[in-house]
Amino acid sequence: MSSLLANRKVTVWAARSFVAHQESSQRLSRIVQRNASSASLPTRRSLMWSGKATYSRDRVWTSSRQQQQHPSTTSHRGFAAAIVPPGQNGEDEESRREVAADLFQQYCQMRQGVPSLDFENIRSLLQGIGVDPQGDEALHHIFDVADVDGNGLIDLEEFLEHSDFIMGGNPARIILVVGGPGSGKGELSKRLQKECHAVHLSSGDMLRQEVARGSVLGKQVKGIMERGELVSSAIMVALMKRRMRDHPGKRVLLDGFPRSAENARDLITLCGKPELALHLVCDDTVLLERIIGRGEGGPAAERRADDNFETALERLRTFHKHHPQTLEWLREHHVPVINLDCSGSAESVWQQLQAIGRLMRPAVKLPIQPKQQQQDETAMQQSQTKTNVPQVPIFAPIWESGWSSSTTASERTA
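One structure accompanies this document, and this report is about it.

What counts, and at which threshold
Residues numbered from 1 in each chain as written. Predicted model: local features only at pLDDT ≥ 70, side-chain atom pairs only at ≥ 80, totals over all residues. Heavy atoms only, no water. Helix = DSSP H or I, 4+ residues; strand = E, 2+ residues; numbered from the N terminus. Contact = heavy atoms within 4.5 Å. Areas by Shrake-Rupley, 256 points an atom, 1.4 Å probe, with all protein chains shown as cover. Salt bridge = Lys/Arg side-chain N within 4 Å of Asp/Glu carboxyl O. Buried < 20%, exposed > 50% of the residue type's maximum accessible area, 1.4 Å probe, protein only. Polar contact = N/O pair within 3.5 Å; in protein donor to acceptor, adjacent residues only side chain to side chain. Expected span 1.5 Å × (residues − 1). Phe/Tyr/Trp six-rings, centres within 6.5 Å; stacked < 30°, edge-to-face > 60°. Pairing = 2+ DSSP bridges. Axes fitted to C-alpha atoms, helices over the stretch in contact; angles between N-to-C directions. 1 Å grid on protein atoms, 1.4 Å probe; cavity = no way out; pocket = protein on both sides within 12 Å on 5 of 7 lines; lining within 4 Å. Points joined across faces, edges and corners; volume = space filled by probe spheres on them. Nonpolar A, V, L, I, M, F, W, Y, C, P; charged D, E, K, R; others polar. Core = buried A, V, L, I, M, F, W, Y, C linked by side-chain atoms within 4.5 Å.

1. Examining the overall build of the protein chain
Here is step 1: Along its length, the protein chain carries 18 helices and 10 strands.
Here is step 2: In the protein chain, of all internal contacts separated by at least 6 residues, the share reaching a separation of at least 24 is 71%.
Here is step 3: About 22,600 Å² of surface is accessible on the protein chain, with carbon and sulfur atoms providing 54% of the total.

2. Re the pattern of salt bridges
Here is step 1: The tally for this structure, following the rule as stated, stands at 15 salt bridges.
Here is step 2: Between R251 and D102 there is a salt bridge, with its nearest N and O atoms 3.1 Å apart. Placement of the pair is R251 in strand β8 (residues 251-255) and D102 in helix α4 (residues 90-107), with a sequence separation of 149 residues.
Here is step 3: Members of the salt-bridge network, linked through shared partners, are D102, R173, R251 and E275.

3. Description of helix α5 (residues 119-128)
Here is step 1: Buried residues of α5: N121, I122, R123, L125, L126 and G128, and no others.
Here is step 2: Taking the backbone nitrogen of E120 as reference, a side-chain oxygen 3.2 Å away marks D118 as the first, capping residue of α5.
Here is step 3: After α5 finishes, the residue G130 shows a positive phi value of roughly 85°.

4. A few points about helix α16 (residues 346-364)
In an α-helix, one full turn covers 3.6 residues, which means residues spaced three or four apart are oriented alike.
Here is step 1: For α16, spanning 19 residues, the distance from its first C-alpha to its last is 25 Å, which sits close to the expected 27 Å at 1.5 Å a residue.
Here is step 2: Among the residues of α16, those classed as buried are V349, W350 and L353.
Here is step 3: Looking at the buried side of α16, the elements it contacts are α9 (185-196), β9 (276-281) and β10 (337-341).

5. Comments concerning the packing of aromatic side chains
Geometrically, a pair of aromatic rings is defined through the distance of the ring centres and the angle of the planes.
Here is step 1: Here the structure, examined in full by the defined rule, presents two aromatic pairs.
Here is step 2: Pairing F104 with F159 gives two aromatic rings, centres 5.6 Å apart and planes at 45°, and the pair type is tilted. Here F104 is found in helix α4, whereas its partner F159 is found in helix α7 (residues 156-161), with 55 residues between them in sequence. As far as the burial class goes, F104 and F159 line up, both buried.

6. Some remarks on the pairing of β8
Here is step 1: With five of five residues buried, β8 is to be regarded as a mostly interior element.
Here is step 2: The alternating pattern of β8 places R251, L253 and D255 on one face and V252 and L254 on the opposite face, and all of these are buried.
Here is step 3: Two strands pair when backbone bridges link them, and strand β6 (residues 173-179) and β8 are joined in this way by five bridges, in the parallel orientation. Pairing of I174 across the sheet is with V252, part of β8.
Here is step 4: Two strands pair when backbone bridges link them, and strand β7 (residues 199-202) and β8 are joined in this way by four bridges, in the parallel orientation. For S202, the partnering residue across the bridge sits in β8 and is D255.

7. Considerations on the sheet that holds β10
Here is step 1: Read across the open sheet, the five strands follow the order β7-β8-β6-β9-β10; overall the sheet is parallel. The open sheet terminates on both sides in strands that have one partner only, identified here as β7 and β10. In this sheet, adjacent strand axes meet at a mean angle of 20° when their direction is disregarded.
Here is step 2: Together, β6, β7, β8, β9 and β10 form the strand contacts of α9, whose direction differs from that of β8 by roughly 165°.
Here is step 3: Relative to β6, helix α15 (residues 309-332) is tilted by about 145°, and along the sheet it contacts β6, β9 and β10.

8. Digging into the environment of L207
Here is step 1: With respect to the helices, strands and loops of the structure, L207 is situated in helix α10 (residues 203-213).
Here is step 2: Residues L207 and V231, spaced 24 residues apart in sequence, show a C-alpha to C-alpha distance of 9.1 Å.
Here is step 3: Leaving out residues up to four positions away in the same chain, L207 has contacts with V221, M225, V231, M236 and L239.

9. Observations regarding the layout of surface pockets
Here is step 1: Each pocket or cavity is described by its volume, and for the second largest pocket that value is around 1,200 Å³.
Here is step 2: Lining the second largest pocket are 30 residues, with R251, E275, L276, G357 and V364 positioned closest to its centre.
Here is step 3: Elements with a contribution of two residues or more to the lining of the second largest pocket: α4, β6, α9, β8, β9 and α16.
Here is step 4: Top contributing element to the lining of the second largest pocket by residue count: α16, with nine residues.
Here is step 5: Class assignment of the residues belonging to the lining of the second largest pocket gives a composition of 15 nonpolar, six polar and nine charged.

10. Focus on the nonpolar core
Here is step 1: If you look at the biggest cluster of nonpolar residues, it comprises 30 residues, and the most contacted ones within it are L176, M244 and L254.
Here is step 2: If you list the elements that add at least two residues to this core, you get β6, β7, α10, α11 (216-226), α12 (233-244), β8, α13 (261-271) and α15.
Here is step 3: Of the residues forming this core, the biggest block, six residues, is contributed by α13.
Here is step 4: With residues near it in sequence (within four places) discarded, L176 still touches L254, F257, P258, L267, P274, L276, A277, L278 and L330.
Here is step 5: Judged by nonpolar contacts, the second largest core, of 26 residues, contains F104, V145, A146 and L160.

11. Let's talk about the sheet that holds strand β3 (residues 114-117)
Here is step 1: Strand order in the open sheet formed by three strands is β2-β3-β5, with antiparallel pairing between adjacent strands. Because the sheet does not close on itself, it has two edges, and the strands there are β2 (109-111) and β5 (154-155).
Here is step 2: Bridge count for β2 against β3 is three bridges, and the pairing is antiparallel. Directly across from M110, in β3, lies its bridge partner P115.

This is the structure in C-alpha cells:
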C-alpha cells in the first residue's frame, strides 16, 4: 500500500513539474515578444508558475510611477490589450468581458452604492480560480496596476480593463459537462461553444489525439482506453491544466471530466472550484444503443475505436463505479449540479437549458453601470435639485401653463 502511495506521489509530482515547465516557457516567450515589439514599455519581470498556479514576487507588473514616466502605458485599455493573445475578434473580446463581469459580480461587495473589490475580495477571487498568491506582495502589485484612482478598491471598470493581468492568464470560469458514454456531452459542448462563445475541451479527444500522434503518453494510455478503464488522474489533470492555460479569461467547458472523485479533487486543487456541472442523465440501454449505432452506422468522423459492444459494457461499468462518488464529492463542495434528461434528442436537451436561462435572465443581469455613467447621472440629479425650474412644455398653450389672459407683462416677467 505504501509503495502505491509513493508511486502516485511521484506521478503527481512529475505531472505538475511538466505543467510548470510548459507554462513558464510559454509565458516567458510571450513577454519577450511584447517587449521586443514595444521598446517604450518599461522592463517587466517574468512571471514564473509552480505546479499549483501561484503568483510570485516576479509577477509582471507596472507601478503607477512607471506609468507616469511612460505615457504610452497610462492607457489602461492599451495595457490590457498588450497582454491579450493576438487574433481575437471583437465578439470574442466582448465574451471575455462578459465572463469577467460575471466573476466580478460573484466576489464584489457594495460600498457606498458602488460594487467593488477590496484586498480580501481579490484574494478570494484568485483562490476561486485556482491561483494562490504567495503572501500579500503579489496582491499589492495587483492594486498598483488595477486600482487606477488609488482609493484602495477595484471597481468594475478597473477590473474589466485589467482582468487578464489580475487572473494571471487563467480561465475565468469552468463548467463541467458530465454523463455516461454516449450521453451527448460532446454535442452539447459544441453547441455551447458555438452559441455561448465558451471554450470546449474534451478529455477523450485529448487522449485520442495523443494516441493518434504516437506520443509517449499516447502509447501509455492506448491500452487503457481500449479496455474502457480510467487514465491516471495526475495525467488527466496535467493535460487539462495545460490546455486551459491557452484560453485566459474565458469560460471553459470540460467535456467528460472529472470522471472520478480523485479527478475532482485534483481539478479543484489546481484550477479552483467549477462554476457548475451539467449532468446528462438517461438509461444505460439508450447509451448502449447510441454507442453501438455510432460505431456501426454513424458518420466516419464520429466513429471511435472503442465504439463496440464489449468496450461499451466495460465503459458503463467503470462509469457506474466512479460516477456516484464524483457527484457526491461535487455536491459536498457546493458545486451546483444541473440534471438534464438526455434520453431524447439533442434539441430537447438544449431546450431544457434555454428554459433555465429564460427563468434566470432577470436575476443574473448585472445591475452595474459604468462608473462614468453613474457620475454623470449623479451630477444631473444634483443640478436638477438645485435649479427648481417649472416643468412646462415649451409650446404649451398659455392656459395649460397656468397663465391667464389677464396676466400682465410684469407679472409674466416676474
